[in-house]
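The residues making up each chain are set out below.
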Amino acid sequence: MPVWNRGTRGIRGLSRAVALEGSQKKGRSLLQFLADRFYDVQALREYLLQKQVLKVHQKNRPFTYIKERFGPHAAGAYFILKQGGAVKFQGKEWIRSDAHGHFSLDFLKFQAVPVEAVDASGCAINYQGLDSLLALKELQSLWLQRCPHVDDWCLGRLHPLANSLQELSLAGCPRISERGLASLHHLRNLRRLDISDLPAVSNPGLTRILVEEMLPSCQVLGADWAQGLPSGPEEQSQDRASPIPA
Amino acid sequence: MLRRALQLGLGRGLLGRGLLGRGLGTHRGGSTLGKVEGSGGYRGSWVAPVSSYVTFRTRDPAHDGKTVGRLGEGDQNGKVSEIKKKIQSVLPGGAWNPPYDTSYLPPEHSDVVIVGGGVIGLSVAYWLKRLEKPRGAIRVLVVERDHTYSQASTALSVGGIRQQFSVPENIQLSLFSVEFLRNINEYLAVVDDPPLDIQFNPSGYLLLASEKGAAVMESNVKVQRQEGAKVCLMSPEQLRNKFPWINTEGVALASYGMEYEGWFDPWCLLQGLRRKVQSMGVLFCHGEVTRFVSSSSHTETTSGEEVTLKRIHEVHVKIDRSLEYQPVECALVINAAGAWSGQIAELAGVGKGPPGTLQGTKLPVERRKRYVYLWHCPQGPGLETPFIVDASGAYFRREGLGNNYLGGCSPTEEEEPDPGNLEVDHDFFQDKVWPPLAQRVPAFETLKVRSAWAGYYDYNTFDQNGVVGPHPLVVNMYFATGFSGHGLQQAPAVGRAVAEMVLDGHFQTINLSPFHFSRFYLGEKVQEHNII
């Protein structure tokens with residue numbers, strides 16, 4: 001049976017094959033159309049990329065009105081809650097925004113109660129957005145797990161929080177490398193630092209040792225020192241093909 | 001009947017010739033039955049003998065003027081038509097189809113020619129293309145002599161960026177460049193290409209000053225803070241608390257950059273710029289500028305003196321490894337040749353005149369060789385080490401996770417090495433670099449030098465600051481050179497300034513008029529004190 005017959009059943013099948021070929025021709029002409037207008041398509045794609053970038057910038061805009069009216073702590077809390085994170089004021093419970101992004105505005109009534117802990121896990125916070133966080137002068141605990149836009153530049157900006165920050169979690173941030181971790185030495189009151197699952201760190205085990213040396217009074221979690229070493233003897237015994245089952 | 005048979009026989013013969021004519025054969029053409037041209041039009045058809053004195057030519061799309069394997073008139077006509085086509089394409093009005101490859105030559109006309117394809121030249125090209133209105137209005141050509149960048153200052157640089165300068169313009173340039181580097185994936189994004197990772201270390205610079213330099217350092221820090229740099233002053237005791245491995249003997253004051261300072265990978269910046277600039281339509285040429293063809297005009301200044309203004313019309317670009325050159329007609333030339341800018345300026349006629357006059361003022365940029373050494377010290381300072389610059393001029397920084405350090409020292413005027421080659425002098429490390437560093441960081445008493453290299457500074461012998469802006473006499477040559485070791489960290493901002501100057505006629509964002517060429521004639525030094 002000739003190959004072209006496969007998938008075609010009789011006359012109708014043949015016409016379907018012809019129709020497919022026709023639509024392929026149309027598909028080809030769509031590609032041809034796009035290829036003829038290469039620079040226009042490129043401009044369109046650049047525009048779409050810019051729009052994505054602007055979306056992140058919009059999320060990180062400063063809330064100056066709230067800052068002037070209610071103080072820096074309220075502004076910082078509003079910023080975090082708007083991004084989808086959670087805030088804990090001193091002496092109060094955790095305030096979190098629900099699945100739809102709504103949250104109660106009761107915290108605006110707190111007069112100068114400082115923010116104690118911020119959970120910004122998974123939020124689209126970036127270098128600009130850190131402005132709102134750096135105004136929280138009595139922040140003790142900051143969780144930046146899995147934040148896609150937090151990078152080495154952001155870590156270099158955390159030094160104003162050196163007096164109060166005791167706990168910092170950077171687990172799972174894709175853009176943080178050992179170069180950013182080097183700038184954490186300003187945080188001399190840091191007691192807990194979580195640096196697990198940092199894909200951009202080239203050698204997690206060695207980095208952890210160096211960070212522990214850099215921050216002697218801090219407990220460093222994650223990035224086991226054995227992670228960077230090749231598994232020696234176990235691998236060898238597996239490689240050895242022995243005819244006798246072990 | 002015989003006639004009939006003859007006709008048939010001849011017909012078949014014609015048939016045979018007609019059919020076979022395309023492939024084989026030597027049609028002698030001498031038959032009395034006339035010429036069957038190299039056309040398939042009579043394939044198999046029987047031509048009456050009498051009528052075939054008329055030569056018929058029909059177009060066979062498969063042949064198109066070429067007669068394969070046919071000699072005689074058919075072939076000659078095909079050759080003639082080929083030659084006719086070639087002549088038509090060379091004469092004006094026809095499609096340009098040169099018989100040989102010319103893709104390695106630069107274009108014959110270009111609006112802007114940038115001499116030098118290092119980070120400054122590419123930055124100027126990028127900003128020209130970015131700020132031009134409308135899009136695609138300016139044709140920019142970048143002429144680079146060495147596409148491997150084997151001697152370029154950019155590739156051999158240590159890669160530091162700081163704001164701790166004494167001249168406010170330098171601080172502003174550096175601040176903008178840091179912002180550019182931070183958002184490099186927004187500035188230099190190319191669709192479908194991976195994002196750039198310039199491997200920035202935000203560890204800051206630590207400048208140490210002895211008793212003598214403490215007052216100057218304080219005033220410098222005040223200027224830096226005014227411009228927006230985040231620098232803090234530290235006493236020796238604070239220094240000991242922060243960095244216990246420093247020996248603070250002889251240190252009176254230290255200035256530490258908390259933010260916006262550090263070091264990065266200059267090669268990545270160069271490649272990122274190159275990629276983006278190519279996607280924006282800038283043309284590249286692998287060649288060397290050997291000559292400028294210019295015209296002069298005489299005018300009078302307001303005080304009645306006669307002045308000769310020059311205008312460059314053509315740039316002769318000699319192709320690499322060849323004697324061929326291409327004259328490129330241009331409107332502007334930008335001298336971003338780095339360590340070789342002095343030679344390019346001389347080619348343009350800068351400095352040809354009696355000394356002491358504006359015509360006789362040469363561009364005071366010359367090549368100076370600087371050494372960089374990489375050593376390993378297992379007990380050395382840890383991850384938090386900033387880029388430390390000692391009061392004696394020696395500097396070092398960490399490199400990577402493995403306790404390797406990069407460092408060097410600027411030699412004094414008397415000890416300047418010969419810039420003819422890039423050979424490394426290892427005795428210089430033993431005599432001039434190691435002792436002050438070992439005194440400052442006692443852990444460096446035991447170290448092992450792993451490797452070393454040398455690179456050029458485009459050293460401005462006048463005041464060690466850049467030259468930016470047009471030349472007063474050669475009116476269409478713009479300078480962007482002479483940065484004496486801090487060119488890389490100012491490149492994005494300088495590129496934007498030159499593009500503004502070219503497109504708008506004046507600086508818009510950062511005012512670099514103190515860096516104009518005329519200061520060499522007027523003797524106004526913009527001295528930069530913090531040169532490393």
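Residues numbered from 1 in each chain as written. Chains lettered and ligands numbered in written order. Predicted model: local features only at pLDDT ≥ 70, side-chain atom pairs only at ≥ 80, totals over all residues. Heavy atoms only, no water.

S.K.: Would you explain the interface of chain A and chain B in this entry?
M.R.: Interface extent is often summarised as the accessible area lost during association of the parts. Contacts between the two partners involve 29 residues from chain A and, on the opposite side, 26 residues from chain B. Both sides together, the interface formed by chain A and chain B hides about 2,500 Å², and carbon and sulfur atoms give 61% of it. Taken as a group, W153, R179 and L210 of chain A account for 30% of the area that chain A buries against chain B, more than any other trio of residues on that side. Along the contact surface separating chain A from chain B lie four salt bridges. As a salt-bridge pair, E259 of chain B and R157 of chain A come within 3.9 Å of each other at their nearest N and O atoms. Sorting the residues of the side of chain A that touches chain B by element identifies helix 2 (38-59), helix 6 (152-155), helix 7 (178-181) and helix 8 (204-214) of chain A as the ones contributing at least two each. Residues belonging to the side of chain A that touches chain B are distributed by class as follows: 10 nonpolar, 13 polar and six charged. (Contact = heavy atoms within 4.5 Å. Buried area = accessible area lost by both parts, 1.4 Å probe. Salt bridge = Lys/Arg side-chain N within 4 Å of Asp/Glu carboxyl O. Helix = DSSP H or I, 4+ residues; strand = E, 2+ residues; numbered from the N terminus. Nonpolar A, V, L, I, M, F, W, Y, C, P; charged D, E, K, R; others polar.)

S.K.: Mind showing me how you'd approach the UniProt feature "domain: FAD dependent oxidoreductase" (unreviewed entry) in chain B here?
M.R.: According to UniProt, the "domain: FAD dependent oxidoreductase" (unreviewed entry) feature falls on residues 111-501 of chain B. For the annotated span residues 111-501 of chain B, helix accounts for 27% and strand for 31% of the residues, and the straight-line distance between the end C-alpha atoms is 15 Å. (UniProt positions renumbered as here; feature names shortened; annotations may be inferred.)

S.K.: Would you explain the packing of helix 3 (residues 119-131) of chain B against helix 11 (residues 487-504) of chain B in this entry?
M.R.: Axes are the key here: two packed helices are described by the angle between their axes and the distance separating the axes. All names here are of chain B. Where helix 3 meets helix 11, the closest approach of the two axes is 7 Å, and the angle between their N-to-C directions is 40 degrees. On the basis of the axis angle, helix 3 is oblique to helix 11. Helix 11 is crossed by helix 3, and the crossing has right-handed handedness. Every residue of helix 11 that contacts helix 3 at V119, I120, S123, V124, W127, L128 and L131 is listed here: G487, L488, A491, P492, V494, G495, R496, V498, A499, E500, V502 and L503. Taken together, the residues of the contact of helix 3 with helix 11 sort by class into 14 nonpolar, three polar and two charged. (Axes fitted to C-alpha atoms, helices over the stretch in contact; angles between N-to-C directions. Parallel < 35°, antiparallel > 145°, perpendicular 65-115°, else oblique. Left-handed = near helix turned anticlockwise from the far one by under 90°.)

S.K.: Help me understand the domain arrangement of chain B in this model?
M.R.: Residue and element names in this part refer to chain B. Looking at chain B, the domain boundaries give domain 1 (103-200 + 261-364 + 461-531), domain 2 (205-257) and domain 3 (371-457). Here the C-alpha centre of domain 3 lies 30 Å away from the C-alpha centre of domain 1. Between domain 1 and domain 3, the residue contacts involve 11 residues of the former and 14 residues of the latter. Both sides together, the interface formed by domain 1 and domain 3 hides about 1,100 Å², and carbon and sulfur atoms give 71% of it. Inspection of the domain 1/domain 3 interface yields zero salt bridges. Between domain 1 and domain 3 we count three residue pairs in polar contact (both at pLDDT 80 or more) in total. Here the residues of the side of domain 1 that touches domain 3 are counted per class, giving five nonpolar, six polar and no charged. (Domains from an automatic or database assignment. Polar contact = N/O pair within 3.5 Å; in protein donor to acceptor, adjacent residues only side chain to side chain.)

S.K.: Would you mind going over the sheet that holds strand 5 (residues 167-169) of chain A with me for this structure?
M.R.: Within a beta sheet, neighbouring strands are joined by backbone hydrogen bonds and run either parallel or antiparallel to one another. Residues and elements named next belong to chain A. Judged by pairing direction, the sheet is mixed, and its seven strands sit side by side in the order 2-1-3-4-5-6-7 without closing on themselves. Edge positions in the sheet fall to strand 2 (94-96) and strand 7 (219-221), since each of these pairs with one other strand and no more. In this sheet, adjacent strand axes meet at a mean angle of 15 degrees when their direction is disregarded. With three bridges joining them, strand 4 (residues 141-143) and strand 5 adopt parallel strand pairing. Among the inter-strand pairings, S141 is bridged to a residue of strand 5, identified as E167. Docked against the sheet, helix 4 (residues 72-83) engages strand 1 (86-89), strand 2 and strand 3 (115-119), running at close to 155 degrees with respect to strand 1. (Pairing = 2+ DSSP bridges.)

S.K.: Would you explain helix 4 (residues 168-182) of chain B in this entry?
M.R.: Three or four residues apart is the spacing at which side chains of an α-helix point the same way, because the helix has 3.6 residues per turn. All names here are of chain B. Along its 15 residues, helix 4 runs 21 Å from first to last C-alpha, staying within 8% of the 21 Å computed at 1.5 Å per residue. Within helix 4, 12 of the 15 residues are buried, which leaves the element mostly enclosed by the surrounding structure. Taken as a whole, helix 4 has its buried residues at E169, N170, I171, L173, S174, L175, F176, S177, V178, F180, L181 and R182. (Expected span 1.5 Å × (residues − 1). Buried < 20%, exposed > 50% of the residue type's maximum accessible area, 1.4 Å probe, protein only.)

S.K.: Even after reading the chapter, I still don't get the side chain of T481 of chain B, so can you show me in this structure?
M.R.: All names here are of chain B. Position of T481 relative to the elements: it lies in strand 17 (residues 477-481). At 2.6 Å, the side chain of T481 and the side chain of S341 are in polar contact. Each residue touching T481, except ones within four places of it in the same chain, is listed here: N335, G338, S341, L363, V365, D458, G466 and V467.

S.K.: Explain the pairing of strand 16 (residues 467-470) of chain B to me, please; I cannot follow it from the model alone.
M.R.: A regular strand places its side chains on the two faces of the sheet in alternate fashion. All names here are of chain B. As paired strands, strand 16 and strand 17 are joined by four bridges and run antiparallel to one another. Directly across from V467, in strand 17, lies its bridge partner T481. What sits between the antiparallel neighbours strand 16 and strand 17 is a turn of six residues.

S.K.: Whenever I open this one, the confidence of the model for chain B confuses me. Can you help?
M.R.: Parts of the model with low pLDDT should not have their predicted coordinates read in detail. Residue-level pLDDT values for chain B average 86, and 85% of them are 70 or greater. A low-confidence stretch, residues 13-70 of chain B (pLDDT under 50), is modelled with 56 contacts involving residues beyond four sequence positions or located in other chains. (pLDDT = per-residue confidence, 0-100.)

S.K.: Looking at this structure, how should I read the packing of aromatic side chains?
M.R.: Aromatic rings considered in pairs are described by the distance between their centres and by the relative angle of their planes. Residues and elements named next belong to chain B. According to the stated counting rule, one finds 35 aromatic pairs over all chains in the structure shown. Measuring from ring centre to ring centre gives 5.6 Å for W340 and Y456, while their planes differ by 80 degrees; the resulting arrangement is edge-to-face. Taken as a pair, W340 in the loop between strand 10 (325-335) and helix 9 (341-347) and Y456 in strand 15 (residues 448-460) lie far apart in primary sequence, 116 residues in all. Across this residue pair, the class does not change: W340 and Y456 are buried. Taken together, the ring pairs in this structure connect Y371, Y373, W375, F396, Y405, F428, F429, W434 and F444 into an aromatic cluster. Geometry around F176 places R496 over its ring, the cationic atom sitting 3.7 Å from the centre. Across the ring face of F462, the terminal group of K525 is positioned such that the distance to the ring centre comes to 5.5 Å. (Phe/Tyr/Trp six-rings, centres within 6.5 Å; stacked < 30°, edge-to-face > 60°. Lys NZ or Arg CZ within 6 Å of the ring centre and 35° of its normal.)

S.K.: Explanation requested: the sheet that holds strand 5 (residues 231-234) of chain B in the structure shown.
M.R.: Residue and element names in this part refer to chain B. The strand order across the open sheet formed by eight strands is 5-6-4-12-13-14-11-15, and the pairing between neighbours is mixed. A single partner strand is all that each edge strand has here, and the edge strands are strand 5 and strand 15. Geometrically, the sheet is characterised by an average inter-axis angle of 20 degrees between neighbouring strands, direction not taken into account. Bridge count between strand 12 (residues 387-389) and strand 13 (residues 394-399): two bridges; the pairing is antiparallel. Residue pairing for strand 13: I388 is matched across the bridge by F396. Running over the sheet, helix 6 (residues 214-227) touches strand 4 (205-209), strand 5 and strand 6 (253-257) and is turned about 155 degrees from strand 5.

S.K.: Can you walk me through the pattern of salt bridges in this structure?
M.R.: If you walk through the whole model with that rule in mind, you get 23 salt bridges over all chains. In this structure, the salt-bridge partner of R208 of chain A is E212 of chain A, at a minimum N-O distance of 3.0 Å. Here R208 of chain A and its partner E212 of chain A are both found in helix 8, four residues apart, which amounts to about one turn of the helix. Residue class for R208 of chain A comes out buried when judged on its relative accessible area of 17%. Bridged by salt links that share partners, the residues E366, R368, R370, E413 and E416 of chain B form one connected network.

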